[in-house]
Amino acid sequence: MKPSHIEHIGIAVTDLNEAISFYEKVLGLTCYNIEEVPDQKVRTAFFMVGQTKIELLESTDPEGPIGKFIAKRGEGLHHIAFSVEKIEEQLIHAAEQGITLIDCKPRKGAEDLDIAFLHPKSTSGVLIELCENKIHLPS
Ligand code: ZN
């Protein structure tokens, strides 16, 4: 896949405002975007660190993926997102290599990225997100 960089690190939190306060006041980062993603039943807050983002995820529905994650495992590291090109092809290649996909086709994530998840049972226990920013590509 040869990802160019870690696009973001997703962290599940129970209280978005409290978590934002930590990243701003203690780490000295600036929250530049807060966005609700109804599809994933989350409210997200973003910080930039170099070319990598921190994505805080607060559940808006106990039955959503983050709500279930926190109920089972508590707050903490949720996923790592790699920036790739040609995400559809990467998913096909991953499936050919026997990787279990959560998303067989990319869907829209926060910040209008095309995203897809690989199942942690195929990745040594880490939920891995692939994402592609098609906005900056020539159409
Ligand atoms: Zn993410």
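Up top you'll find the structure we're talking about.
Residues numbered from 1 in each chain as written. Predicted model: local features only at pLDDT ≥ 70, side-chain atom pairs only at ≥ 80, totals over all residues. Heavy atoms only, no water.

Undergrad: Sorry, what's going on with the nonpolar core here?
TA: Nonpolar side chains in soluble globular proteins generally cluster together in the buried interior. Formed by Ile11, Val13, Leu16, Ala19, Ile20, Tyr23, Leu29, Cys31, Ala45, Phe47, Ile54 and Leu56, the largest nonpolar core amounts to twelve residues. At the level of secondary structure, the elements contributing two or more residues to this core comprise strand S1 (5-13), helix H1 (16-26), strand S3 (42-49) and strand S4 (52-59). Those residues in contact with isoleucine 20 that lie beyond four places of it in its chain are Cys31, Ile34, Ala45, Phe47 and Leu56. (Core = buried A, V, L, I, M, F, W, Y, C linked by side-chain atoms within 4.5 Å. Buried < 20%, exposed > 50% of the residue type's maximum accessible area, 1.4 Å probe, protein only. Helix = DSSP H or I, 4+ residues; strand = E, 2+ residues; numbered from the N terminus. Contact = heavy atoms within 4.5 Å.)

Undergrad: Honestly, the coordination of the zinc ion in this entry has me stumped. Any pointers?
TA: The expected angle between donors at a tetrahedral four-coordinate metal is 109.5 degrees. At an octahedral six-coordinate metal it is 90 or 180 degrees. The zinc ion binds to the protein through His8 (NE2), Glu55 (OE), His79 (NE2) and Glu129 (OE), with metal-donor distances spanning 2.0 to 2.4 Å. Spacing between the donor residues of the zinc ion along their common chain follows H-x46-E-x23-H-x49-E. Linking histidine 79 in strand S5 (residues 76-83) with glutamate 129 in strand S8 (residues 128-132), this pair joins segments that are 50 residues apart in sequence. Across the pair, exposure class does not vary: histidine 79 and glutamate 129 are buried alike. (Donors = N, O, S within 2.8 Å, 3.2 Å for Na, K, Ca; no water.)

Undergrad: Please explain the packing of aromatic side chains as it appears in this structure.
TA: For any pair of aromatic rings, geometry is given as the distance between the ring centres together with the angle between the planes. Considering all chains together, one arrives at three aromatic pairs under this definition. Seen in terms of ring centroids, phenylalanine 22 and tyrosine 23 are 5.2 Å apart; in terms of plane orientation they differ by 90°. Their pairing is edge-to-face. According to the relative accessible area criterion, tyrosine 23 is buried, its value standing at 13%. Aromatic rings pair up to connect Phe22, Tyr23 and Phe47 into one cluster. (Phe/Tyr/Trp six-rings, centres within 6.5 Å; stacked < 30°, edge-to-face > 60°.)

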